[in-house]
Amino acid sequence: MLQLFLSFFKIGLFTFGGGYAMLPLLQDEIVRRRRWATDEELMDYYSIGQCTPGIIAVNVATFIGTRHYGKAGGCLATLAIVLPSMIIITLIAAVLARYMHNEYLTHAFAGIRIAVTALILNTFFDMWKKGVKGYFGYTVFALAAVILFFFNLSAVLIVIAAALTGLLPGIARRKKTK
Amino acid sequence: MIYWLLFYEFFKVGLFAIGGGLVTVPFLFDLSEHYAWFSTKELADMIAIAESTPGPLGVNMATFAGYKTAGIPGAVAATFGLVLPSLVIIMIIAGLLKKFKDNPYVRQVLSGIRPAVMALILMAGYEIARLAILSFENFILFVLFALSIRFYKASPVFYMIVAAVVGIIFKL
């Protein structure tokens, strides 16, 4: 349980730029080091976190905590992931507001953003074989990517549409056997 | 009572903001118009600050508004309110998923979703890239990072710290 708290505290502390920026950290800590989930499960948690109310990063933390240590684990992981931002933001609101426009910080974060871009791309390639399988997988991936890129449709709708698409091969197979 | 009000208002944001991140922004603008908790300008500043502080924007904003209004207990009340709806919902879904993991329909649905999530990940990478890679210099750095991440599998935290130092040295 302590490890659960520490892992998510660390992830909360180093997540810059929202839910998907957290993905490389989750993959490293949760899948590779702790083996609390597989890459596939992580994708499932993201899709569920995307379609349910609330913040994706928090949802994924709750999910993993609950799966491994029950309800108490879910609460603990959630607390751990929000605690770093609560502390930091309280400090900023209290004393550091001016400091935020510091030149060094700006340069540091410009650097971090570049690393985060590379990290997300790396995670994408790591997960590719497990996430996109066969012609069906390629088709769904390509359609989702094109729709996202050109039509700027809500991610929630994409996930729901993909879920329904997942049922299609099964239905087609059943019709054939009839 | 102010704590209750903070809890209640952020509870509503947590319940209705589906999709995370910037989806919470319109809800927060709404709050800034209804209450004197934070101004629209402060919200805009906060969105900028949230980009260079760790943690999800919604959580940062709830903490900020709560703290400004009612000190540390206010920050706790607002953040707890924001997180509570999803905490309950996710716990229920986690229970159901455990039970129905081997159901063929659930498996089919998940098999359809996974490639779509991959597209979402790629898109998220693209969105961050647009903010991160602004010059040829940045691009070279990006390629160097991408290659070293691929071949020396060190912790992501390590790469972020290196990137922060590189950012300061080269005045990115």
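Residues numbered from 1 in each chain as written. Chains lettered and ligands numbered in written order. Predicted model: local features only at pLDDT ≥ 70, side-chain atom pairs only at ≥ 80, totals over all residues. Heavy atoms only, no water.

A.B. asks: Teacher, can you tell me more about the overall build of chain B here?
C.D. replies: Secondary structure assignment for chain B yields seven helices and zero strands. Listed by position from the N terminus, the elements making up chain B come as α-α-α-α-α-α-α. Principal axes of the C-alpha set define a box for chain B whose edges measure 55 × 50 × 25 Å. When the 172 residues of chain B are sorted by exposure, 49% land in the buried category. Contacts in chain B between residues far apart in sequence, at least 24 positions, make up 48% of those at least 6 positions apart. One way to put it: in chain B the 12 positive side-chain charges average out to a point 15 Å from where the 9 negative ones average out. (Helix = DSSP H or I, 4+ residues; strand = E, 2+ residues; numbered from the N terminus. Buried < 20%, exposed > 50% of the residue type's maximum accessible area, 1.4 Å probe, protein only. Contact = heavy atoms within 4.5 Å. Lys, Arg positive; Asp, Glu negative; His and termini not counted. Charge placed at Lys NZ, Arg CZ, Asp CG, Glu CD.)

A.B. asks: Please clarify how the environment of B:F170 should be interpreted in this entry.
C.D. replies: Residue placement: B:F170 occurs in the segment after α7 (156-169). Separated by 156 residues in the primary sequence, B:F170 and B:G14 place their C-alpha atoms 40 Å from one another.

A.B. asks: Which parts of the structure should I look at to understand α7(B)?
C.D. replies: The α-helix winds at 3.6 residues per turn, so residues separated by three or four positions along the chain end up facing the same way. The end-to-end C-alpha distance of α7(B), which contains 14 residues, comes to 20 Å, matching closely the 20 Å that a straight helix rising 1.5 Å per residue would cover. Looking at α7(B), one finds that the buried residues are B:P156, B:V157, B:Y159, B:M160, B:A163, B:A164, B:V166 and B:G167. Residues of α7(B) that are buried make contact with α1 (2-13), α2 (23-33) and α5 (103-131) of chain A together with α6 (136-151) of chain B. Residue B:S155 occupies the N-cap position of α7(B), its side-chain oxygen lying 3.0 Å from the main-chain nitrogen of B:V157. (Expected span 1.5 Å × (residues − 1). Polar contact = N/O pair within 3.5 Å; in protein donor to acceptor, adjacent residues only side chain to side chain.)

A.B. asks: Can you help me understand the domain arrangement of chain B in this one?
C.D. replies: Reports often express the size of an interface as the amount of accessible area lost when the parts come together. Segmentation of chain B into domains returns domain 1 (2-100) and domain 2 (104-169). Using C-alpha coordinates to define each centre, domain 1 of chain B is positioned 26 Å away from domain 2 of chain B. (Domains from an automatic or database assignment.)

A.B. asks: Would you take a moment to explain the interface of chain B and chain A for this structure?
C.D. replies: The interface is formed by 80 residues belonging to chain B together with 91 residues belonging to chain A. There are three salt bridges connecting chain B and chain A. A salt bridge links B:K171 to A:E103; its shortest N-O distance comes to 3.9 Å. At the level of secondary structure, the elements contributing two or more residues to the side of chain B that touches chain A comprise α1 (2-16), α3 (40-51), α4 (57-100), α5 (104-132), α6 and α7 of chain B. Of all the elements, α5(B) adds the most residues to the side of chain B that touches chain A, at 24 residues. Looking at the side of chain B that touches chain A residue by residue, the classes come out as 55 nonpolar, 18 polar and seven charged. (Salt bridge = Lys/Arg side-chain N within 4 Å of Asp/Glu carboxyl O. Nonpolar A, V, L, I, M, F, W, Y, C, P; charged D, E, K, R; others polar.)

A.B. asks: Just to check I follow, could you spell out the packing of aromatic side chains for this structure?
C.D. replies: For any two aromatic rings, the description comes down to two numbers: the centre-to-centre distance and the angle of the planes. Residues and elements named next belong to chain A. All told, the structure shown has 18 aromatic pairs over all chains when counted by the stated rule. Taking 4.9 Å as the distance between ring centres and 90° as the angle between the ring planes, the aromatic pair formed by W128 and F141 counts as edge-to-face. You can see W128 sitting in helix α5 and its partner F141 sitting in helix α6 (residues 134-151), a full 13 residues away along the chain. Summarising the aromatic geometry, the rings of F149 and F150 are spaced 5.1 Å apart at their centres and angled 80° between planes, so their arrangement reads as edge-to-face. Relative accessible area serves as the criterion here: at 59%, F150 is assigned to the exposed category. Put simply, the rings of F124, F125, W128, Y138 and F141 touch in pairs and so form one group of aromatic residues. (Phe/Tyr/Trp six-rings, centres within 6.5 Å; stacked < 30°, edge-to-face > 60°.)

A.B. asks: Just to check I follow, could you spell out a nonpolar patch on the surface for this structure?
C.D. replies: Residues and elements named next belong to chain B. Nonpolar side chains collect at one region of the surface, where F136, F139, I140, V143, L144, L147, F151 and Y152 lie side by side and expose about 880 Å² of accessible area between them. Inspection of the secondary structure puts L144 in helix α6. Assessed through its relative accessible area of 53%, L144 is described here as exposed. (Patch = residues over 30% accessible without salt bridge, like charges linked within 9 Å, V, L, I, M, F, W, Y side chains within 5 Å. Areas by Shrake-Rupley, 256 points an atom, 1.4 Å probe, with all protein chains shown as cover.)

A.B. asks: Can you walk me through the pattern of salt bridges in this structure?
C.D. replies: If charged atoms from side chains of opposite charge come close, those side chains can pair. As enumerated under the stated definition, the model contains twelve salt bridges over all chains in all. Between B:R130 and B:E127 there is a salt bridge, and its shortest N-O distance comes to 3.3 Å. Taken together, the residues span about one helical turn, with B:R130 and B:E127 both in helix α5 at a distance of three residues. Because the salt bridges share partners, they merge into one network encompassing A:D28, A:R32, A:R33, A:D126 and B:R150.

A.B. asks: For this particular structure, what's the right way to read the domain arrangement of chain A?
C.D. replies: Residues and elements named next belong to chain A. Looking at chain A, the domain boundaries give domain 1 (2-130) and domain 2 (132-178). Domain 1 and domain 2 are separated by 27 Å when their C-alpha centres are compared. Taken together, the contact between domain 1 and domain 2 spans eight residues of the former and eight residues of the latter. Regarding the contact of domain 1 and domain 2, the summed buried area is about 660 Å², with carbon and sulfur atoms giving 71% of it. For the domain 1 face of the interface with domain 2, the top three residues by lost area are Q50, C51 and W128, together amounting to 67%. Counting across the domain 1 and domain 2 interface gives one residue pair in polar contact (both at pLDDT 80 or more). Listing elements by their share of the side of domain 1 that touches domain 2, those giving two or more residues are α3 (39-51) and α5. Its residues placed into classes, the side of domain 1 that touches domain 2 shows three nonpolar, two polar and three charged. (Buried area = accessible area lost by both parts, 1.4 Å probe.)

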